[in-house]
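# Structural overview for review
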Amino acid sequence: MKNKWKGAPMDYEIKRNCDNVDWQAVSDLLKTVGMAHYPPDIHQKAFEASYSVVFILDSGKLIGMGRAISDGAYQAALYDFAVSPDYQGKGLGRIILSTILADVPNCHVILYAAVGKEGYYETQGFRKMKTGMARFLNAEAMAKKGFTE
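My aim in this report is to walk through the structure given alongside it, one point at a time. Remember, predicted model here, so these are calculated numbers, not experimental data.

## Observations regarding the side chain of Arg67
Mapped onto the elements, Arg67 comes out in strand β5 (residues 61-70). Among the polar contacts listed, one links the side chain of Arg67 to the side chain of Ser50, at a separation of 2.9 Å. A distance of 2.7 Å separates the side chain of Arg67 from the side chain of Asp80, its partner in a polar contact. Each residue touching Arg67, except ones within four places of it in the same chain, is listed here: Ala46, Phe47, Ser50, Ser52, Val53, Ala77, Leu78, Tyr79, Asp80 and Ile100.

Structure follows, in structure tokens:
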């Protein structure tokens, strides 16, 4: 796919499957943007078990990604939605999000945003939930990060 960034054409690849993914790069990107990250084999297991996956690469380098788990009928949840800081603000998040949402057109979609990033998702049509609940394995750490009360 071709896209223009800051007036210069750049080629990037939108990948819709887990074939030949650099799972260390997945872990590294999540760490770079301050999100939960795990060993590469754990990310591979999670992405391969997902309903929808999107990876964006620039000359083979992972620069953005996201995934959804879903029943394909009426519920979906977004996870591991990240864009490299060097590429943020260039529309890649919208590409990832719209691609995933097109895979779950009749579903309610939930996500939990990184603290401070909620505003971005509001611009994409998401609203804060009043009844959202979570049971995290690392409950104390998640409360310190601001995810729970």
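Don't stop here, the text continues.
## Some details on the sheet that holds strand β7 (residues 108-110)
Spatially, the 5 strands line up as an open sheet ordered β3-β4-β5-β6-β7, and their pairing is mixed. Each end of this open sheet is capped by a strand with a single partner; those strands are β3 (13-15) and β7. Averaged over all pairs of adjacent strands, the angle between their axes in this sheet comes to 20°, without regard to strand direction. Two strands pair when backbone bridges link them, and β3 and strand β4 (residues 52-58) are joined in this way by 3 bridges, in the antiparallel orientation.

What counts and how
- Residues numbered from 1 in each chain as written.
- Predicted model: local features only at pLDDT ≥ 70, side-chain atom pairs only at ≥ 80, totals over all residues.
- Heavy atoms only, no water.
- Helix = DSSP H or I, 4+ residues; strand = E, 2+ residues; numbered from the N terminus.
- Polar contact = N/O pair within 3.5 Å; in protein donor to acceptor, adjacent residues only side chain to side chain.
- Contact = heavy atoms within 4.5 Å.
- Pairing = 2+ DSSP bridges.
- Axes fitted to C-alpha atoms, helices over the stretch in contact; angles between N-to-C directions.

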